[in-house]
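Per-entry structural report
These are the residues of each chain, in order.
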Amino acid sequence: PENVVVVGAGQAGSELATTLRQRGWSGGITLIGDEVSPPYQRPPLSKGFLLGKLSREKLYLKPAATYERFNIALRLGTWAETIDRAAKELVVSDGSRLPYDKLVLATGGRARRLTLPGVDVDQLDNLFTLRRIDDVDALRPHFVPGRKLVLIGGGYVGLEIAAVATQLDLDVTVVEAAPRLLARVTGPEVSGFLEDVHRSHGVRFRLAATVADVAVDASGHRVTGVEVSASGVVERLDAGLVLVGIGMEPNTHLASAAGLEVDNGIVVDEFARTSDPDILAIGDCANQPSAYAGRRIRLESAPNAIEHAKVCAATILGRPQASTATPWFWSEQYDLKLQMVGLSAGHDRCITRGGTGTAMSAFYLTGDRIVAADVISRPADFATARQLVTSGRPVDPERLADSEIPLAQAAL
Ligand code: FAD
């Protein structure tokens, strides 16, 4: 029987290991991860878990017993060092060499670090990033009511943290380099809606503002302020806590050191295979061709990690099948449920429903087709929008704009 070795015990790696077994793989499966927690969901780290409403165990993707029952060798706290492609062996941190027939890289990504000239962020005790459960353990004691939190980055993760922090009575200022929130992924209507919601909860924003420097106390280890620069004007924001939420960088080093093609992620084909057919890559670390987008994309979402793991399992089982899934994603801020489907880049118009109060939907059109939608607390709209994006059915823009008409009836 053949051996599958999976590097990265996150959402994608865990899903792959269990799916392989469920679909009848009888060979060896080894799942290697550097984190010590059993494979867990990351999305709650900036939501319910940070808020203290969700226990650690609730984050685990599968009970520990499942890996045993499925005869999956789970090696936690283990770092994969190098791939010996000639010998088809993976070298891990304790020096052992694991032979593989198929190697899967599910290495995800790491939080992008703040770089400021002359500042060593590792020396700062109250400046954090949030990617792992350990990060939350480290920063949670700093979530003290009244503390001034400066959040660098107004993306989804940053906004989720802002929502949790205000609910825990911290004083929150978000610094965002773009002129509006979520500028890369959403339209101005949704950015404005969310900005209003956050402001109504007391969050302050500095938009089109970049971080120029941080002020530290005499010990050199505590940030006391963040200097932001907007339109050439420098302002000092007092800070008792700084959180950097400026995105992630895919973990591609293992792949590039082994000579695999890397370009904004590990380059794979539609069956999750890298430039070496015995090495596959999935999830946040992989740059894949997308049938939906008609181009290569690297997605950072839990649904993609799961979908990509299923594609990879099919390839390993000898029944390769490319994905036709439309990307989707969700977020939670306060009591709002945000659901996004498709990729809005390149749309030519945006039509909204609602938009005042506590719910709205934004539909992004190219010609008369909806290519993407952002739905806030209108779950029925989301189900229909997803069908419309996936099917590519043309819609009547006037009916689409009329909240009185059920969304399904906007289709032609
Ligand atoms: P990861 O989850 O990053 O797992 C990769 C694992 O591999 C990590 O444990 C890493 O340490 C390990 N690893 C890397 N290199 C090595 C090595 N050489 N040796 C051993 N181990 C290694 N998505 C959504 O859809 N909705 C959300 O609301 C949402 N919220 C999020 C909130 C936060 C705070 C974060 C950080 C992410 C969120 N995401 C969300 C994104 C989602 O969590 C990721 O898309 C998903 O976790 C990707 O899974 P993955 O397995 O590809 O990578």
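Located above this text is the structure these notes cover.
Here's what I pulled together on the structure shown here. Given the structure is predicted, the values throughout are model-derived calculations rather than measurements.

**Comments concerning the site of the ligand**
- If you check the shell around the ligand, you find 34 residues, and the closest are D34, E35, R42, K47 and D284.
- Take E35: an N or O atom from its side chain is 2.5 Å from an oxygen atom of the ligand.
- Here an oxygen atom of the ligand and a side-chain polar atom of D284 are 2.7 Å apart.
- Protein chains bury 96% of the 1,000 Å² of accessible surface belonging to the ligand in isolation.
- For the shell around the ligand, the secondary structure elements donating two or more residues are helix 1 (11–22), helix 5 (156–167), helix 8 (302–316) and strand 22 (328–333).
- The leading source of residues in the shell around the ligand is helix 8, at 3 residues.

**Some points on the packing of helix 1 against helix 8**
- Remark: helix 1 packs on helix 8, axes separated minimally by 8 Å, with the N-to-C direction vectors making an angle of 40°. With respect to helix 8, the axis of helix 1 lies oblique. As helix 1 packs across helix 8, the resulting crossing turns out to be right-handed. Here helix 1 contributes Q11, A12, E15, L16, T19 and L20 to the contact with helix 8, which in turn contributes A302, A305, I306, A309, K310, C312, A313 and I316.
- Within the contact of helix 1 with helix 8, the residues separate by chemical class into 10 nonpolar, 2 polar and 2 charged.

**Focus: the packing of aromatic side chains**
- The full count for this structure, using the stated rule, is 3 aromatic pairs.
- Summarising the aromatic geometry, the rings of W328 and W330 are spaced 6.0 Å apart at their centres and angled 40° between planes, so their arrangement reads as tilted.
- By relative accessible area, which is 26% here, W328 ends up partly exposed.
- Of the residues examined, W330 reaches a relative accessible area of 26% and is grouped as partly exposed.
- Put simply, the rings of W328, W330 and F382 touch in pairs and so form one group of aromatic residues.

Here is what the cut-offs are and how they apply
- Residues numbered from 1 in each chain as written.
- Predicted model: local features only at pLDDT ≥ 70, side-chain atom pairs only at ≥ 80, totals over all residues.
- Heavy atoms only, no water.
- Near = heavy atom within 4 Å.
- Polar contact = N/O pair within 3.5 Å; in protein donor to acceptor, adjacent residues only side chain to side chain.
- Areas by Shrake-Rupley, 256 points an atom, 1.4 Å probe, with all protein chains shown as cover.
- Helix = DSSP H or I, 4+ residues; strand = E, 2+ residues; numbered from the N terminus.
- Axes fitted to C-alpha atoms, helices over the stretch in contact; angles between N-to-C directions.
- Parallel < 35°, antiparallel > 145°, perpendicular 65-115°, else oblique.
- Left-handed = near helix turned anticlockwise from the far one by under 90°.
- Contact = heavy atoms within 4.5 Å.
- Nonpolar A, V, L, I, M, F, W, Y, C, P; charged D, E, K, R; others polar.
- Phe/Tyr/Trp six-rings, centres within 6.5 Å; stacked < 30°, edge-to-face > 60°.
- Buried < 20%, exposed > 50% of the residue type's maximum accessible area, 1.4 Å probe, protein only.

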